[in-house]
Amino acid sequence: MNYRHIYHAGNFADVLKHAVLARLVRYLQNKDKAFRVLDTHAGIGLYDLSSEEAQKTGEWQTGIGKLLEADLPAEVAELMEPYLSAVRELNPEGGLKYYPGSPKLARMLFRPQDRLSAMELHPDDFRALSRLFEGDYQARVTELDGWLSLGAHLPPKEKRGLVLVDPPFEKENEYERLADGLHKAYRRFATGTYCLWYPLKKNAPIKDFHERLQSYEIPKMLCTELSVRSDRLEGLSGSGLIIVNPPYTLKDELHAMLPVLKAIMAQDRYASHRAFWLRGEE
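Residues numbered from 1 in each chain as written. Predicted model: local features only at pLDDT ≥ 70, side-chain atom pairs only at ≥ 80, totals over all residues. Heavy atoms only, no water.

Colleague: Please clarify how the overall build of the protein should be interpreted in this entry.
Modeller: When its secondary structure is counted, the protein shows 10 helices and 10 strands. Taking 19 Å as the expected radius of gyration for a compact globule of 282 residues, we find that the protein reaches 17 Å, a close match to that expectation. Over its C-alpha atoms, taken along the principal directions, the protein stretches across nearly 45 × 40 × 40 Å. Split into buried and exposed, the 282 residues of the protein put 55% on the buried side. A sequence separation of at least 24 residues applies to 77% of the contacts in the protein between residues at least 6 apart. Of the roughly 13,000 Å² that the protein leaves accessible, carbon and sulfur atoms contribute 47%. (Helix = DSSP H or I, 4+ residues; strand = E, 2+ residues; numbered from the N terminus. Rg over C-alpha atoms; globule rule 2.2 N^0.38 Å. Buried < 20%, exposed > 50% of the residue type's maximum accessible area, 1.4 Å probe, protein only. Contact = heavy atoms within 4.5 Å. Areas by Shrake-Rupley, 256 points an atom, 1.4 Å probe, with all protein chains shown as cover.)

Colleague: Can you walk me through a negative patch on the surface in this structure?
Modeller: Residues Glu75, Glu78, Glu81 and Asp252 make up a contiguous surface patch of negative charge. Looking at which element gives the most residues to the negative patch, the answer is helix H4 (residues 74–89), with 3 residues. Assessed through its relative accessible area of 62%, Glu78 is described here as exposed. (Patch = residues over 30% accessible without salt bridge, like charges linked within 9 Å, V, L, I, M, F, W, Y side chains within 5 Å. Salt bridge = Lys/Arg side-chain N within 4 Å of Asp/Glu carboxyl O. Lys, Arg positive; Asp, Glu negative; His and termini not counted. Charge placed at Lys NZ, Arg CZ, Asp CG, Glu CD.)

Colleague: Whenever I open this one, the UniProt feature "binding site: S-adenosyl-L-methionine" (unreviewed entry) in the protein confuses me. Can you help?
Modeller: The UniProt record marks His18, His41, Ser102, Glu120, Asp145, Gly146 and Asp166 with the feature "binding site: S-adenosyl-L-methionine" (unreviewed entry), using the residue numbering of this structure. Position of His18 relative to the elements: it lies in helix H1 (residues 12–28). Among the structural elements, Asp166 can be located in the loop between strand E6 (161–165) and helix H8 (174–188). Setting aside residues no more than four positions away along its own chain, Asp166 makes contact with Lys17, Thr40, His41 and Trp197. A polar atom in the side chain of Asp166 sits 2.4 Å from the side chain of Lys17. (UniProt positions renumbered as here; feature names shortened; annotations may be inferred. Polar contact = N/O pair within 3.5 Å; in protein donor to acceptor, adjacent residues only side chain to side chain.)

Colleague: Please clarify how unusual backbone geometry should be interpreted in this entry.
Modeller: Going from Leu154 to Pro155, the amide bond is cis rather than trans, its omega being -5 degrees. Among the structural elements, Pro155 can be located in the loop between helix H7 (146–152) and E6. Even without glycine at this site, Lys159 takes up a positive phi of about 65 degrees. One can find Lys159 in the loop between H7 and E6. The residue Phe169 is not glycine, and still its phi comes out positive at about 55 degrees. By secondary structure assignment, the location of Phe169 is in the loop between E6 and H8.

Colleague: Mind showing me how you'd approach the sheet that holds strand E7 (residues 193–201) here?
Modeller: Two strands in a sheet stick together by hydrogen bonds in their backbones, pointing the same way (parallel) or opposite ways (antiparallel). Overall, mixed pairing links the 8 strands, which are arranged E5-E4-E1-E6-E7-E9-E8-E10 in an open sheet. The two strands at the open ends of the sheet, each matched to only one other strand, are strand E5 (139–142) and strand E10 (272–279). Going from strand to strand, the sheet's axes swing by 15 degrees on average, the running direction of each strand aside. Pairing between strand E4 (residues 115–119) and E5: 4 bridges, direction parallel. Counted as the bridge partner of Ser117 is Arg140 from E5. The strands touched by helix H9 (residues 206–215) are E7, strand E8 (221–227), strand E9 (236–244) and E10; relative to E10, the strand with the most contacts, the crossing angle is about 25 degrees. (Pairing = 2+ DSSP bridges. Axes fitted to C-alpha atoms, helices over the stretch in contact; angles between N-to-C directions.)

Colleague: Whenever I open this one, the nonpolar core confuses me. Can you help?
Modeller: Side chains of nonpolar character tend, in soluble globular proteins, to be buried together. The biggest cluster of nonpolar side chains holds 90 residues, and the ones touching the most others in it are Ile64, Leu67, Met80, Tyr83, Tyr194, Tyr198 and Ile242. For this core, the element with the highest residue contribution is H1, accounting for 11 residues. Ignoring any residue separated from it by four or fewer positions in sequence, one finds Met80 in contact with Ala19, Leu67, Leu72, Met257 and Leu261. (Core = buried A, V, L, I, M, F, W, Y, C linked by side-chain atoms within 4.5 Å.)

Laid out in structure tokens, this is it:
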């Protein structure tokens, strides 16, 4: 309950997560049929980067701040357009004051038929999120432990959906909990697309986490990771995403985006990236 995303909004981890989230939403929109985004740990939805909390860490300056100033190659600029256009839309006078969290970003990309279910347990954050989407018939905000939503809110009535699981990783067993949460959700909604976020840091049990996921025999799991500095230092050095039932184009898109993102946001010479199949296509 002590984790507040305002300190980290717009950092390099958000850039990777939100760039991929936008690609997933756009892919789901290739079909006319409605879909639902379930955001299990939604936060407050919109972040003021001029706030005392955001200014205290300034993490956005080496994340979205650098990306917006970069001259992107044409292919990457096209892939990043849904995400970056949403950020610019929130800052019509230029500069960078407001940054969308995952639920706000997804909602900004919706068509009239698409829907959002946003879960948030922290009482203050829930109230802020509720105010953000007040009166919005396409969004439903629920005060709930997001882990419970992986059972109670799946499958969505639309039978099409994207499930984003982005926990705070405050507890030692969060990697196991994330893997087991996916396993539970997949049994209920095997045709859904899942996007699971996890941190990369010193001594993180990434190998065990990946092996646990592979043991579930979910047919298609794509993994991508972006590190901006050495993991020998304390603190967050990078982040990863597990995408279940990904678009067939996503791996090639990541191979185009990741080298550019690494070059823009690298903090030392140990910055790295990768995208590979945990299970499925090669």
